[in-house]
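# Architecture and fold: a report
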There are 2 protein chains.
Amino acid sequence: MSETAAEAEVFKALADPNRRKILDELAERDGQTLFEICSRLTMRHQLGLSRQAVSQHLDVLLRAGLIRSRREGRYKFHHIDTTPLEHLTDRWRGGGARENRCAST
Amino acid sequence: MSETAAEAEVFKALADPNRRKILDELAERDGQTLFEICSRLTMRHQLGLSRQAVSQHLDVLLRAGLIRSRREGRYKFHHIDTTPLEHLTDRWRGGGARENRCAST
DNA sequence: TTGATAGGCAAGTGACGACTTGCCTATTGT
DNA sequence: ACAATAGGCAAGTCGTCACTTGCCTATCAA
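Residues numbered from 1 in each chain as written. Chains lettered and ligands numbered in written order. Predicted model: local features only at pLDDT ≥ 70, side-chain atom pairs only at ≥ 80, totals over all residues. Heavy atoms only, no water.

Chain A is annotated in an unreviewed UniProt entry as Transcriptional regulator of Paractinoplanes deccanensis.

So, in structure tokens, the structure goes:
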């Protein structure tokens, strides 16, 4: 087999345009709460997503390991984590070792 | 706006596990025909996909720019093209330009 | 304690996507 | 010409997924 279940989750998470916008939002301003993400998504991206919709998207992103959540009182802050993206497409672009030409192993 | 329609196609194309397997196949042995891909997918990956299913997947990959097709007589050869993958995830990992600098800490 | 804010859970709806089924065209070999 | 091979087209089925709806819990301020 060539890919892990975790990788599959990442691909599935990235498949939705709205989830990618959420990642955009968190990349621009990390550590937002659910309500913050909702309002900023509406204001800045003309994205009319309900709170529950965003919440479910955050769940998917969480399961994919693309965000981490930290609870603080009644607030829950969400942080982007890009490590799952690091070598996601290497299996196709490599085959060998070009394209990554830093100081590869 | 933050992403092009072409990028969205790529994400959608990568969302399906079977399409990723097809890319795996072509990465390992480029320039296969539809029937070749079918049989090798069945033999080597225990993937029981019909010809039409694979054909439709190839269409999606084609539209995403991840493969190119070349017709020759009654054969049609499919070639992987990884250029759409090149900076796919940069919008989240960068923002700036760290993280791609090899000699990391 | 009461009300307001931040978030969670779960069932239901609707649409899109993966795959099938059936038939058709085009090229090659004999 | 005829059969066999390689592929294409289009309608239909079915499951998954995004989103909604409705209600519930928890924390904070007055």
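Here chain A sits on chain B after a turn of 180° about the axis and a move of 0.0 Å along it, with an RMSD of 0.0 Å. Both chain copies can therefore be described as sitting about a two-fold axis. Most of the interface of chain A is mirrored in chain B: 91% of its interface residues are interface residues there too. (Least-squares fit on C-alpha atoms with pLDDT ≥ 70 in both. Contact = heavy atoms within 4.5 Å.)

Here the focus is the protein's contact with DNA strand D. Neighbouring DNA strand D are 22 residues; N18, R19, S50 and H57 of chain A together with F35 of chain B lie closest to it. Put simply, 63% of the atoms of DNA strand D that lie within 4 Å of the protein are in sugar or phosphate. In this structure, F35 of chain B approaches DNA strand D through a main-chain N or O atom, which is 3.1 Å from a phosphate oxygen. Sorting elements by how many residues they give to the surface near DNA strand D places helix α4 (residues 51-63) of chain A first, with four residues. In the surface near DNA strand D, the residues fall into five nonpolar, nine polar and eight charged. (Near = heavy atom within 4 Å. Polar contact = N/O pair within 3.5 Å; in protein donor to acceptor, adjacent residues only side chain to side chain. Helix = DSSP H or I, 4+ residues; strand = E, 2+ residues; numbered from the N terminus. Nonpolar A, V, L, I, M, F, W, Y, C, P; charged D, E, K, R; others polar.)

With respect to the secondary-structure elements, E7 of chain B resides in helix α1 (residues 5-14). Once the C-alpha coordinates of E7 of chain B and A64 of chain B are considered, the two residues, 57 residues apart in sequence, prove to be 7.8 Å apart.

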